[in-house]
Amino acid sequence: MDDREQIAASFLRERFLSVISKLEGKPCTAILYDNSKVKATFIATTGAYNHIAVEDLHTPIGTVSSALIRTKDIQSLEIDILKMSDLELFVSIGLSEAKAKETIKNKNLTSNLKKVIDEFPKTDQPLTNYGTLLYHLASKLKSQDFKYVSLIDSYIFEYKLDTTQRIDCSLEYLRSLISEKIDLLELDKACGVGIVITIDKIKQTVDEIISQNKNELIEKRYKFNTGGLMQEVRKQLVWADGKAIKNIVDSQILEILGAKTEADLAPVQKQKKVKEIKLIEKKPLAYEPLSIEELMSKVDFHKPGENFKTDGYVVTMNTEKLLSQHLKETGGKVITRFPPEPNGILHIGHAKAININFGFAKASNGECILRYDDTNPEKEEEKYFTGIKEMVEWLGYKPHRITHSSDYFDQLYNWAIALTKKGLAYVCHQKQQDMQGFNPPPSPWRNRPVEENLSLLNDMKNGIFDEGEATLRMKVTLEEGKQDPVAYRIKFLPHHRTKDKWCIYPTYDYTHCLCDSIENITHSLCTKEFQNRRSTYYWLCNSLDLYCPVQWEYGRLNMNYTVVSKRKIGKLIENKIVNDWDDPRLFTLSALRRRGFPAKSINSFCARMGVTGAQAIVDPQMLESEVQDYLNLTASRTMVALEPLKIIITNFDELNKPCSLSVPDFPSDPDKGWHDVKFSSVLYIESSDFSQNADKDYRRLTIDQTVGLRYAGIVIKVIKVITAGTKIEEIHVQATDVKTAPKPKAFIHWVSNPHEIEVRLYDRLFMHKNPEDTNQVPNGYLSDINSDSLKIVNAYADEHILKSPVLKNYQFERLGYFCVDLDSNDTKLVFNRTITLKDGSSK
């Protein structure tokens, strides 16, 4: 029997004896084993017959069947193997049944605990003697610790690791090793093996520390915080038993203070604090975006050179040497990279990647490289290179340097030859469709000779094969089970940088990790969908005996009511649904900038998403809310009538009002500046600010209801409505000074002596949250377009905004936030609606 069978036998024997003891006669028990089934068979001799008690270990505990069989028939019985359930195994080490069930719900902990128990040395002692320590070890294990389980188990068995603290120290020490050689003396030292803190030593230390605090202890009695005393003792006596420390502290305090009195037992009366009235200086509001640098400074990433401490990192015989060389070349700096493909424009998901990579480098006083992953000349264009750099800089980041994957094409090809020579890559002639799908058959060319592969690879490079006729594949299996990813494919296309030098180009799976290695990247930060390529990443670097960075994955940022796929945006442009990559209805970064979204708001939004492994699918309102908070404090106010309705003040001359009024840029903070607006007898209001058939909740201008004009100091009352058919052409009103007029229910904005501008009112491009969901949108995303996603109106604005630069933000009072569009020129201003006001702001 193996160790686990011995444990099970001991555990189950007691249960079966309780069944057998009920049978007639004095039982003589035996346990028989077989290597094929999952039952235990116990035999009790009772005279001429044998009682057979059989328990199926996959049924609830206590479900036992018994039967009678003649003695001579015993030899013909099929004897079943003894195999313990996880529940019984965990109970056997001292866990309560409830705790064992709770543990089983955690798959990783269950797997770890079974491994710890399986590798524990054979012993006649009950495992309950070690159960607490074994459970603690299992709860702390990471995958890179598995190779040390037998060693730690043996230390627990020998009582060298007799506390959870010593187990933690052993793991910390073993994780700090790069080499597989373990200095057991250093391990013993790190864990305090053999160090015994006597009770007398604890008493002496406790006595010294209490003496230092005796006056305060006597004054506060049992309301004194004894936790601080015990922490100080533990600090001086690292390996002392915690329970012993507490008992001695309690004992000595009792000796000094005596038994608790009624006053000691009485609850502490909280004193009411008298509030001091302070004059608070009014400070102007300031937008405080969440800092990505602050967020990234708290992320628990490995330190440069300590790659091997990361869960899942693969250590080889040369890892220590390669990490040492890496540290020498980098000076211990954090180095990250942002590696976009230059075949499209960056979108909101890229903004998170930019912030994480550049933000972590900045928070660590490190460097971030902008590396163009230009390995596919088919779709790469110069406008994408410049657009990507422009967006990175617009978000406020400056790359330490700019590189291209194509910078390393020669080196990458030499490594492909080296990989082939090692028998780890081969030339394959399978078609692309034959390699796709779940669990495709292995390539028939997988085991062709090395020399033949080298010759064929050279033929691929020299253009002997047509496109799709041959690929170079790596002999490695991805986490998802996909075998042998492609390293090189043939494309007879000129490259924008290497021209016609190459007709074979490396894939992402092959290129990315090797470029990271060349550039000494310390933290290869990528989204979660690349987790299944981590095995290729580590395998390739280690197969070529290169420095291997650590790949860290975080959850991708996805947005509702949009698509970000380059192919799908291309279809939207091709079908003239949107104008280009920077159409403000899209969530590309250039589109968001054109719409008027500030870079600071986007960065703060990305920081609020955090750095977790969870996929984030958020509503655009979350980003819009961030933008509203920023523009509320930074966008100058101006008055614009989107749907102007002409108003004539019939008694204007009697008002003695000036023809120009000074209006604050920020009404809540007049110190931030003023601008002048024209004021005359003819002005324009919003059509929606007048109603001929208003309901009782309508608060603006009606035939019977007055309204105030913002900043003008007057209240107007309708005298006459002039119409042409059903259309209102103008309204004649009489004005009264606001100081003498009854208080109106509302004040509205207006424009006088206006200039016409074009305003583009944008709304969501798609009707459904997920336009790519075929259940919600069976006819595809192109059928889900919101026909009202863009409305263009000619509006009236005051002349003071005529010289506004492109992309300047304004708040059109009571209407929303708007931005000067790129289509503006000297003769015509065009504004994009960035976002509406928050609910209630326009009333």
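Since we're looking at a predicted model, the values are computed, not measured.

### Comments concerning the overall build of the protein
Turning to step 1, where the next piece is worked out: Along the backbone of the protein there are 27 helices and 31 strands.
Turning to step 2, where the next piece is worked out: By residue count, 48% of the 843 residues in the protein fall in the buried class.
Turning to step 3, where the next piece is worked out: Contacts spanning at least 24 positions in sequence make up 69% of the contacts within the protein whose residues lie at least 6 apart.
Turning to step 4, where the next piece is worked out: As displayed, the protein has an accessible area near 43,700 Å², and 49% of this comes from carbon and sulfur atoms.

### As for the environment of glycine 555
Turning to step 1, where the next piece is worked out: Relative to the helices and strands, glycine 555 is located in the loop between β13 (550–554) and β14 (557–559).
Turning to step 2, where the next piece is worked out: Using a relative accessible area of 0% as the deciding quantity, one classes glycine 555 as buried.
Turning to step 3, where the next piece is worked out: Placed 60 residues apart in sequence, glycine 555 and glutamine 615 show a C-alpha to C-alpha distance of 4.4 Å.
Turning to step 4, where the next piece is worked out: Contact partners of glycine 555, with chain neighbours within four places excluded, come to Lys352, Lys528, Thr612, Gly613, Ala614 and Gln615.

### What to know about helix α25 (residues 599–609)
Turning to step 1, where the next piece is worked out: Most of α25 sits inside the fold, with nine of its 11 residues counted as buried.
Turning to step 2, where the next piece is worked out: Those residues of α25 not exposed but buried are Ala599, Ser601, Ile602, Asn603, Ser604, Phe605, Cys606, Ala607 and Met609.

### Observations concerning the nonpolar core
Turning to step 1, where the next piece is worked out: Judged by nonpolar contacts, the single largest core of 47 residues is most densely connected at Ile348, Ile354, Ile602, Phe605 and Leu623.
Turning to step 2, where the next piece is worked out: For this core, the leading source of residues is helix α16 (residues 348–363), giving eight residues.
Turning to step 3, where the next piece is worked out: Met460, Tyr488, Trp539 and Cys548 belong to the second-largest nonpolar core, a separate cluster that totals 42 residues.

### Thoughts on the packing of helix α9 (residues 199–212) against helix α12 (residues 242–257)
Turning to step 1, where the next piece is worked out: The geometry of α9 relative to α12 is characterised by a closest axis approach of 10 Å and an angle of 50° between their N-to-C directions. The orientation of α9 with respect to α12, classified from their angle, is oblique. When you trace α9 past α12, the crossing you get is right-handed. Contacts between α9 and α12 involve Ile199, Ile202, Lys203, Val206, Asp207 and Ile210 from the first element and Ala244, Ile245, Ile248, Val249, Gln252, Ile253 and Ile256 from the second.
Turning to step 2, where the next piece is worked out: Partitioned by chemical class, the residues of the contact of α9 with α12 number 10 nonpolar, one polar and two charged.

### Observations concerning the pattern of salt bridges
Turning to step 1, where the next piece is worked out: As enumerated under the stated definition, the model contains 42 salt bridges in all.
Turning to step 2, where the next piece is worked out: Linking arginine 337 and aspartate 516 is a salt bridge whose minimum nitrogen-to-oxygen distance equals 3.3 Å. On the criterion of sequence distance, the pair formed by arginine 337 in strand β5 (residues 335–338) and aspartate 516 in helix α21 (residues 508–518) is long-range, its members being 179 residues apart. Comparing arginine 337 with aspartate 516 shows no difference in burial state: the two are buried.
Turning to step 3, where the next piece is worked out: Across the pair aspartate 737 and lysine 657 runs a salt bridge, and its minimum N-O distance is 3.8 Å. Pair noted here: aspartate 737 is in strand β24 (residues 727–737) and lysine 657 is in the loop between α27 (652–655) and β19 (660–664), with a separation of 80 residues, a long-range link.
Turning to step 4, where the next piece is worked out: Via salt bridges that share partners, Asp582, Arg594, Glu758, Arg760, Asp821, Asp823 and Lys828 belong to a single interconnected network.

### Observations regarding the sheet that holds strand β27 (residues 755–762)
Turning to step 1, where the next piece is worked out: With mixed pairing, seven strands are arranged side by side in an open sheet as β16-β29-β30-β31-β27-β28-β17. Across the chains shown, the open sheet's two edge strands, defined by having one partner strand only, are β16 (636–638) and β17 (640–641).
Turning to step 2, where the next piece is worked out: Relative to strand β31 (residues 830–835), helix α26 (residues 620–634) is tilted by about 120°, and along the sheet it contacts β16, β29 (809–812), β30 (816–820) and β31.

### Thoughts on helix α6 (residues 149–157)
Turning to step 1, where the next piece is worked out: All of the buried residues along α6 are Val149, Ile152, Asp153, Ser154, Tyr155 and Ile156.
Turning to step 2, where the next piece is worked out: Where α6 is buried, its residues contact α4 (107–118), α5 (131–140), α7 (164–175) and α8 (184–191).
Turning to step 3, where the next piece is worked out: Downstream of α6 by one or two residues, tyrosine 159 has phi in the positive range, about 60°.

### A closer look at the packing of aromatic side chains
Turning to step 1, where the next piece is worked out: Applying the stated criterion across every chain yields a total of 23 aromatic pairs.
Turning to step 2, where the next piece is worked out: A centroid spacing of 5.3 Å and a plane angle of 55° characterise the contact between tyrosine 488 and tyrosine 510, whose relative ring orientation is tilted. With tyrosine 488 in strand β10 (residues 486–490) and tyrosine 510 in helix α21, this pair connects stretches of sequence that are 22 residues apart.
Turning to step 3, where the next piece is worked out: The exposure class assigned to tyrosine 488 is buried, which follows from its relative accessible area of 1%.
Turning to step 4, where the next piece is worked out: An aromatic cluster is built from Phe409, Tyr413, Tyr488, Trp502, Tyr505 and Tyr510, whose rings are joined through pairwise contacts.
Turning to step 5, where the next piece is worked out: The cationic tip of lysine 160 hangs over the ring face of tyrosine 155; the distance from NZ or CZ to the ring centre is 4.6 Å.

### Let's talk about the side chain of serine 752
Turning to step 1, where the next piece is worked out: Within the secondary structure layout, serine 752 lies in strand β26 (residues 751–752).
Turning to step 2, where the next piece is worked out: Among the polar contacts listed, one links the side chain of serine 752 to the side chain of serine 680, at a separation of 2.7 Å.
Turning to step 3, where the next piece is worked out: A distance of 3.0 Å separates the side chain of serine 752 from the backbone oxygen of valine 682, its partner in a polar contact.
Turning to step 4, where the next piece is worked out: Serine 752 has contacts with Lys678, Phe679, Ser680, Val682, Leu683 and Asp798, leaving out every residue within four places of it along the chain.

### What about the sheet that holds strand β21 (residues 682–686)?
Hydrogen bonds between backbone groups are what pair the strands of a sheet, and the pairing can be parallel or antiparallel.
Turning to step 1, where the next piece is worked out: Ordered in space as β25-β22-β23-β24-β18-β21-β26, the seven strands form an open sheet in which the pairing is mixed. Single-partner strands in this sheet number two, and they are β25 (747–748) and β26.
Turning to step 2, where the next piece is worked out: Of the pairings in the sheet, the one linking strand β18 (residues 644–649) to β21 comprises five bridges and is antiparallel in character. Paired with isoleucine 648 across the bridge in β21 is valine 682.

### Here we look at the environment of threonine 319
Turning to step 1, where the next piece is worked out: By secondary structure assignment, the location of threonine 319 is in helix α15 (residues 319–330).
Turning to step 2, where the next piece is worked out: With a relative accessible area of 4%, threonine 319 lands in the buried category.
Turning to step 3, where the next piece is worked out: Separated by 141 residues in sequence, threonine 319 and isoleucine 178 have C-alpha atoms that sit 7.2 Å apart.
Turning to step 4, where the next piece is worked out: Apart from the residues lying within four places of it in its own chain, the contact partners of threonine 319 are Ile178, Tyr313 and Val314.

### Here we look at the pairing of β21
Turning to step 1, where the next piece is worked out: Counting buried positions along β21 yields four of five residues, so the element is predominantly enclosed.
Turning to step 2, where the next piece is worked out: In this structure, β21 lies alongside β26, joined through two bridges in antiparallel fashion. Its bridge partner lying in β26, tyrosine 684 is registered against valine 751.

### Points about the packing of α9 against helix α11 (residues 227–236)
Turning to step 1, where the next piece is worked out: Packing of α9 against α11 leaves a shortest axis separation of 10 Å and a crossing angle of 130°. Here α9 is positioned oblique relative to α11, judged by the angle of their axes. Remark: the crossing between α9 and α11 carries right-handed chirality. Counted together, Thr205, Val206, Ile209 and Ile210 of α9 and Leu229, Glu232, Val233 and Gln236 of α11 form the full contact between these two elements.
Turning to step 2, where the next piece is worked out: Of the residues belonging to the contact of α9 with α11, the class tally is five nonpolar, two polar and one charged.

### Describing the side chain of arginine 175
Turning to step 1, where the next piece is worked out: Positionally, arginine 175 belongs in helix α7.
Turning to step 2, where the next piece is worked out: Reaching out from arginine 175, the side chain makes a polar contact with the backbone oxygen of lysine 140 at a distance of 2.8 Å.
Turning to step 3, where the next piece is worked out: Among residues more than four places away in sequence, those in contact with arginine 175 are Lys140, Leu141, Lys142, Asp145, Phe308 and Lys309.

### A closer look at the confidence of the model for the protein
Turning to step 1, where the next piece is worked out: Averaged over all residues, the pLDDT of the protein is 86; the fraction at 70 or higher stands at 87%.
Turning to step 2, where the next piece is worked out: Long-range and interchain partners of residues 15–83, a stretch whose pLDDT sits below 50, account for 130 contacts in this model, where long-range means more than four residues apart.

Quick notes on the rules
- Residues numbered from 1 in each chain as written.
- Predicted model: local features only at pLDDT ≥ 70, side-chain atom pairs only at ≥ 80, totals over all residues.
- Heavy atoms only, no water.
- Helix = DSSP H or I, 4+ residues; strand = E, 2+ residues; numbered from the N terminus.
- Buried < 20%, exposed > 50% of the residue type's maximum accessible area, 1.4 Å probe, protein only.
- Contact = heavy atoms within 4.5 Å.
- Areas by Shrake-Rupley, 256 points an atom, 1.4 Å probe, with all protein chains shown as cover.
- Core = buried A, V, L, I, M, F, W, Y, C linked by side-chain atoms within 4.5 Å.
- Axes fitted to C-alpha atoms, helices over the stretch in contact; angles between N-to-C directions.
- Parallel < 35°, antiparallel > 145°, perpendicular 65-115°, else oblique.
- Left-handed = near helix turned anticlockwise from the far one by under 90°.
- Nonpolar A, V, L, I, M, F, W, Y, C, P; charged D, E, K, R; others polar.
- Salt bridge = Lys/Arg side-chain N within 4 Å of Asp/Glu carboxyl O.
- Pairing = 2+ DSSP bridges.
- Phe/Tyr/Trp six-rings, centres within 6.5 Å; stacked < 30°, edge-to-face > 60°.
- Lys NZ or Arg CZ within 6 Å of the ring centre and 35° of its normal.
- Polar contact = N/O pair within 3.5 Å; in protein donor to acceptor, adjacent residues only side chain to side chain.
- pLDDT = per-residue confidence, 0-100.

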